[in-house]
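As a plain string of letters, each chain reads:
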Amino acid sequence: MRAPTVVLSLLLPLLSLMPSVASAADATMSSAAAGDAAAAKGTAATLDVAALDAQIETMMRDWQQPGLAIAIVADGRIVHERGFGVRDASRRGAVDAQTLFGIASLSKSFASATVAKLVADGRIGWDDPVQRHLPWFQMPRERDSSEVTVRDLLAMRSGFGSSEYTFRRVSADRRDHVRRIRYLPQLHPLRSQFLYTTDSYTAIGEVVAETTGMPWEGYAAQALWQPLGMSRTHADHVLARRDANAASPHLRRDGLRMQPIDWIYEDYNALPAGGVNSTAHDLALWLRFQLGDGSVDGRPLLPAAALHETHVPQTPERGAFASSDWADVAGEGADRIAFRSYAMGWMVHAYRGHTVVWHSGGIDGFRSRMGFVPELGIGIVVLANSDQSLMPLAVFQTALDHALGRGNQGDWSTRFRQRAEADRAAGSARRKALAEARIAGTHPPLNLSASPGCYADAGAFGKVAARADGKRLSLEAGRLVYDLQHWHHDVFKASPRWPYQMDSRDFFVDFRVDPRAQVAGFGFSTGYTFARCG
């Protein structure tokens, strides 16, 4: 295990970049940290599993969570693993430590580890230009294309926005998708600040594929999952859906009811960033590896220096694009959290003076949280089969406090549930305001159904076909079909045709008419403009 001084060795280089929390440096290495460290010694023997499980049972009821699995690593071994609730709210079936979940962005820790393995083998350098491995790779700003490095992509400081809910599902394959990164908006200059984007890890997957000559998931299985004995970990949602011990994803409907949905990982092109499936038990093996020296049962798998490099803070998580849920609820400062940053495939912060290396994940109907405290040898993973993002975070933090000998002093469930309710209320208010802004009694300025045909943008989507089936209008883009519903005037709401409805995927289409009263093109509210094909 690494010494407790890891907190300062990892975080002091960031102090000059983080003036608002620099004054907390001494506080985070306070007597609270020393007390927690003393309480955490011998966690395997002192962890009150019964008390923790009882709290989680209460949280399951309070949050109306269908199912959840947790595993805890301490003292180099798995000290607790179990399931709560059911795999499917309609068919029942108990969750256990071997139940399969979509782990979403926890996948990024595997992506960074595959790069670490190739760095250790001398096949990739952390600071290699991406174009050394993908000569065709282009950034949104041409001048950045030859400058952006492998580390930049892993550290969430590329500056380009996200293709989520836009052209990601239109791309023919992963390489085609990475080629389209050049059409993303550049939201801040390269390396200037934190900006979380899944697309950078899709590109990392292609760097690994180009280097190894096999798909990223094939190399991850060969280099990591198989040697670690992670026998139920893979990256195939179709295979997962057929698994007899797989959790069903759930969405909250009507503000209350949890409804099972089909397990469809529609972001296949983003698989290295969010498409891995695993269990609490397998991820406990992964955490044990992260806390070790890079060996498995005494056999070297990955040099410790390469593995631990993925845990080192790279980009302070501050600015316009930083997430606020965790910081708003926990607060920043002494006995709270400090030094929030992104490493490579992991996030890092200090909690009561201890380094916590962690990541969360979310795809349709699944949420997850995984992390570890290096100097104390504690690791925790929480997997949940619903879209309640803050629920696994509350469970994780509760388990961490138990492992630190603090019991339930934080009352994290109540605090995060209040935040979740406030978020739902704010979402309802936004939807209500949008509905009230809709102008009733208007009609399109011309018969759009008489203007089907081909339209194209600069290259992000490529060609889009407008179709008319009676009074039903739709747009076809790649594999996706968007149904159009008249909103007001020449604006339509577009909803992707999918087995289940999610309002977050809807956007608006604004048709433009030329002087001859013909449809000349349209714009997406997501920022893409189309003109009639020449």
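A quick note: this is a predicted structure, and the numbers were derived from the prediction, not measured. Per-chain numbering applies: the sequence of each chain, read as written, is numbered from 1 onward. In view of the model being predicted, local features appear only for residues whose pLDDT reaches at least 70, and side-chain atom pairs are presented and counted only at 80 or more, with totals across whole chains, interfaces and linings using the full set of residues. Excluding hydrogens and water, the side-chain figures rest on all heavy atoms present in the structure.

1. Section: the packing of helix 7 (residues 107-120) against helix 11 (residues 216-225)
When two helices pack together, their arrangement is given by the angle between the helix axes and by the axis-to-axis distance.
Inference 1: The axes are straight lines fitted to the C-alpha atoms, using for helices just the contacting stretch, and the angles between their N-to-C directions are given from 0 to 180°. By the criteria applied, helices consist of DSSP H or I runs no shorter than four residues and strands consist of E runs no shorter than two, each listed in order from the N terminus. Where helix 7 contacts helix 11, the two axes come as close as 10 Å, and the packing angle between them is 70°. The orientation of helix 7 with respect to helix 11, classified from their angle, is roughly perpendicular. Every residue of helix 11 that contacts helix 7 at Phe-110, Ala-111, Ala-113, Thr-114, Lys-117 and Leu-118 is listed here: Trp-216, Tyr-219, Ala-220, Ala-223, Leu-224 and Trp-225. Here is the rule for angles: anything less than 35 degrees is roughly parallel, anything more than 145 is roughly antiparallel, 65 through 115 is roughly perpendicular, and the remaining ranges are oblique. Any two residues whose heavy atoms approach within 4.5 Å at even a single point are treated as in contact.

2. Digging into the pattern of salt bridges
Inference 1: Whenever Lys or Arg places a side-chain nitrogen within 4 Å of a carboxyl oxygen from Asp or Glu, that contact is recorded as a salt bridge. In the structure shown here, the tally under the stated rule is 27 salt bridges.
Inference 2: Put simply, Glu-309 and Arg-151 hold a salt bridge, and the shortest N to O gap is 3.0 Å. Of this pair, Glu-309 sits in helix 15 (residues 304-309) while Arg-151 sits in helix 8 (residues 150-154), placing them 158 residues apart in sequence.
Inference 3: Its salt-bridge partner being Glu-476, residue Arg-467 comes within 3.4 Å of it at the nearest N-O pair.
Inference 4: Residue class for Arg-467 comes out partly exposed when judged on its relative accessible area of 42%.
Inference 5: Using a relative accessible area of 31% as the deciding quantity, one classes Glu-476 as partly exposed.
Inference 6: Salt bridges sharing common partners tie together Asp-53, Glu-57 and Arg-82. Throughout, exposure labels follow a simple rule: accessible area from a 1.4 Å probe, protein chains only, divided by the maximum for the residue type, with under 20% read as buried, over 50% as exposed, and the rest as partly exposed.

3. Describing the state of the cysteines
Inference 1: Disulfides are defined as pairs of cysteine sulfur atoms found within 2.5 Å of each other. Here the structure, examined in full by the defined rule, presents one disulfide.
Inference 2: Here Cys-454 connects covalently by a disulfide to Cys-533, the sulfurs 2.0 Å from one another. Around the S-S axis, the bridge from Cys-454 to Cys-533 shows a dihedral of about -55° and counts as left-handed. With Cys-454 in strand 16 (residues 453-456) and Cys-533 in the segment after strand 23 (529-532), this residue pair connects regions lying 79 residues apart in the sequence.
Inference 3: Judged by relative accessible area, which is 28%, Cys-454 ranks as partly exposed.

4. A few points about the pairing of strand 14 (residues 366-373)
Inference 1: By the criterion of burial, strand 14 is predominantly enclosed, with eight of the eight residues buried.
Inference 2: Covered by surrounding structure in strand 14 are Phe-366, Ser-368, Met-370 and Phe-372 together with Arg-367, Arg-369, Gly-371 and Val-373, the residues of both alternating faces.
Inference 3: Two strands are counted as paired when DSSP detects at least two bridges linking them. Sheet topology places strand 13 (residues 354-363) next to strand 14; seven bridges connect them, and they run antiparallel. Looking at the pairing, Trp-358 lines up with Gly-371 of strand 14.
Inference 4: Bridging between strand 14 and strand 15 (residues 378-384) involves seven bridges; their strand directions are antiparallel. Residue pairing for strand 15: Arg-369 is matched across the bridge by Val-382.
Inference 5: Adjacent in sequence and paired antiparallel, strand 14 and strand 15 are bridged by four residues, among which Gly-377 carries a positive phi angle near 70°.

5. As for the packing of aromatic side chains
For any pair of aromatic rings, geometry is given as the distance between the ring centres together with the angle between the planes.
Inference 1: The rule is short: rings of Phe, Tyr and Trp, with Trp giving its six-membered ring, pair when the centres are within 6.5 Å, and they are stacked under 30 degrees, edge-to-face over 60, tilted in between. Summed over all chains, the structure comprises 25 aromatic pairs.
Inference 2: Among the aromatic side chains, those forming a connected cluster through ring pairs are Phe-167, Tyr-455, Phe-461, Tyr-482, Phe-492, Phe-507, Phe-511, Phe-522, Phe-524, Tyr-528 and Phe-530.
Inference 3: We count a charge as sitting over a ring when the NZ of a lysine or the CZ of an arginine lies within 6 Å of the ring centre and within 35 degrees of the ring normal. Taking the ring centre of Trp-412 as reference, the NZ or CZ of Arg-415 above it sits at 4.3 Å.
Inference 4: A cation sits over an aromatic face here: Arg-438 above Trp-487, 4.4 Å from the ring centre.

6. Notes on the nonpolar core
Inference 1: Leu-68, Ile-70, Phe-110, Trp-225, Leu-283, Trp-286 and Phe-461 are the most contacted members of the largest nonpolar core, which totals 144 residues.
Inference 2: Here this core gets nine residues from one element, more than from any other, and that element is helix 17 (residues 390-403).
Inference 3: What Phe-110 contacts, discounting residues up to four positions off in sequence, is Ile-103, Trp-216, Leu-224, Trp-225, Met-230, Val-276, Leu-283 and Trp-286. By nonpolar core is meant a set of buried Ala, Val, Leu, Ile, Met, Phe, Trp, Tyr and Cys residues that side-chain atoms within 4.5 Å join together.

7. Some points on the sheet that holds strand 15
Inference 1: As summarised here, the arrangement of the nine strands in space is 3-2-1-15-14-13-12-11-10, forming an open sheet in which the pairing is antiparallel. Edge strands, defined here as strands with exactly one partner in the open sheet, are strand 3 (92-94) and strand 10 (315-316).
Inference 2: Of the pairings in the sheet, the one linking strand 1 (residues 67-74) to strand 15 comprises six bridges and is antiparallel in character. The residue of strand 15 that forms the bridge with Val-73 is Gly-379.

8. Considering unusual backbone geometry
If a residue is not glycine, its phi is most likely negative; likewise, a peptide bond is most likely trans.
Inference 1: Of note in the backbone geometry, Gln-64 takes a positive phi value of approximately 55° without being a glycine.
Inference 2: If you trace the backbone, Gln-64 turns up in the loop between helix 6 (49-63) and strand 1.
Inference 3: Taking relative accessible area as the criterion, Gln-64 reaches 40% and is therefore assigned partly exposed.
Inference 4: At Arg-191, a position not held by glycine, the phi torsion is positive, near 70°.
Inference 5: Looking at the secondary structure, you find Arg-191 in the loop between helix 9 (174-179) and helix 10 (199-212).

9. Section: the confidence of the model for the protein
Inference 1: Scored by pLDDT, the protein comes out at a mean of 89, with 90% of its residues at no less than 70.
Inference 2: Note: pLDDT gives the predictor's confidence per residue, expressed from 0 to 100. Here residues 1-29 is modelled with pLDDT under 50, and outside its nearest four sequence neighbours on either side it reaches 55 contacts, counting other chains as well.

10. As for helix 11
Inference 1: Counting buried positions along helix 11 yields eight of ten residues, so the element is predominantly enclosed.
Inference 2: Among all positions of helix 11, only Trp-216, Glu-217, Tyr-219, Ala-220, Ala-221, Ala-223, Leu-224 and Trp-225 are buried.
Inference 3: In this structure, the buried side of helix 11 is in contact with helix 7, helix 9, helix 10, helix 13 (271-274), strand 7 (276-278) and helix 14 (280-290).

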